[in-house]
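Fold and geometry: a report
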Amino acid sequence: MAQRDISRSNTRGTPLTEINDTDALLQRLPVSYEEFRQAMRRFAANVSVITCADGEYLNGMTATAVSGVTADPPSVLIIVNHSARSRAIIKSTGAFTINVLAAHQQAVAIHFASKPVDPFGSIAHTIGSNRCPIIDGIVAHLECAVAEHFEFGTHSIFIGKIVGTNVSRFVPLLFHDGSYQRLGGAADAR
Ligand SMILES: Cc1cc2nc3c(=O)[nH]c(=O)nc-3n(C[C@H](O)[C@H](O)[C@H](O)COP(=O)(O)O)c2cc1C
């Protein structure tokens, strides 16, 4: 079957060259949930655990919506669903840590996606400068202080200034097309 060239048209077939007015574009019907889901499944993402602390209570949530923002000041962003317990803690304390998981830590990703009653009861960790947990055996961690916070739809976007970091030589855990993966080697040079 011939592959449809979608590089110059949207999913409804309208040539993108006909859409040159942002306001008009925003008035259009959005793509469906299924179209959104299918497109997002094509992303390959690092898997991280965002940790936070409410006094003695330590929490963590598995996340792929994590990105570097700028090197000056060193900053990152995370996107947190309103349904996540972590959201209220990060909002009130202004602190979180990104724990980038290693390929051998799929069980840790599953654990922190399940709202465990005792999140850190069985997870080896230390406490960082911002009081948030740092999980043992990870690829890298970024300790953050919240600099900005926005709401958009069902999610909160937190921009954090990085106040501490460390890296290891472990290879990262990835999430692609709905399942956990690991790196497969360098891309073809052609
Ligand atoms: C691979 C994967 C990636 C996820 N990424 C995010 C994310 O970026 N943001 C988010 O709010 N939830 C994300 N989730 C869902 C949260 O991990 C899940 O809702 C978790 O239970 C929230 O924990 P909490 O309620 O203890 O904060 C992801 C789940 C999985 C399995």
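Everything here concerns the structure above.
Neighbouring the ligand are 16 residues; M61, A65, N81, A84 and S86 lie closest to it. Ranked by the residues each element gives to the shell around the ligand, the list is headed by strand β3 (residues 57-63), at four residues. In terms of residue class, the shell around the ligand is built from nine nonpolar, five polar and two charged.

Take the nonpolar core next. Membership of the largest hydrophobic core comes to 31 residues, with the highest contact counts inside it found for V49, I50, C52, I78, F96, I98 and L101. Elements with a minimum of two residues in this core: β2 (48-54), β3, β5 (74-81), α3 (85-93), β6 (95-100), α4 (106-112), β9 (140-152) and β11 (173-176). Sequence-distant contacts of C52, defined by excluding residues within four places in its chain, comprise N59, S86, I89, I90, T93, A95, F96 and C132.

To continue, consider the sheet that holds β11. With antiparallel pairing, three strands are arranged side by side in an open sheet as β1-β11-β12. Whereas interior strands pair on both sides, the edge strands pair on one side only; in this sheet they are β1 (44-46) and β12 (179-182). Pairs of neighbouring strands in the sheet enclose a mean axial angle of 40°, with direction left out of account. Examined bridge by bridge, β1 and β11 share three bridges and lie antiparallel to one another. Note on β11: the bridge partner recorded for N46 is L174.

For the rest of this paragraph, the subject is unusual backbone geometry. Look at the link from D72 to P73: it is a cis peptide, with omega at 5°. Within the fold, P73 resides in the loop between β4 (66-71) and β5. Positive phi, normally seen in glycine, also occurs at R131, with a value near 75°. The topology assignment puts R131 in the loop between β7 (125-127) and β8 (133-135). The phi angle at D177 is positive, at roughly 55°, despite the residue not being glycine.

Thresholds, definitions, all that
Residues numbered from 1 in each chain as written. Predicted model: local features only at pLDDT ≥ 70, side-chain atom pairs only at ≥ 80, totals over all residues. Near = placed C-beta within 6 Å. Helix = DSSP H or I, 4+ residues; strand = E, 2+ residues; numbered from the N terminus. Nonpolar A, V, L, I, M, F, W, Y, C, P; charged D, E, K, R; others polar. Core = buried A, V, L, I, M, F, W, Y, C linked by C-beta atoms within 7 Å. Buried ≥ 20, exposed ≤ 12 C-beta atoms within 10 Å, placed from the backbone. Contact = placed C-beta atoms within 7 Å. Pairing = 2+ DSSP bridges. Axes fitted to C-alpha atoms, helices over the stretch in contact; angles between N-to-C directions.

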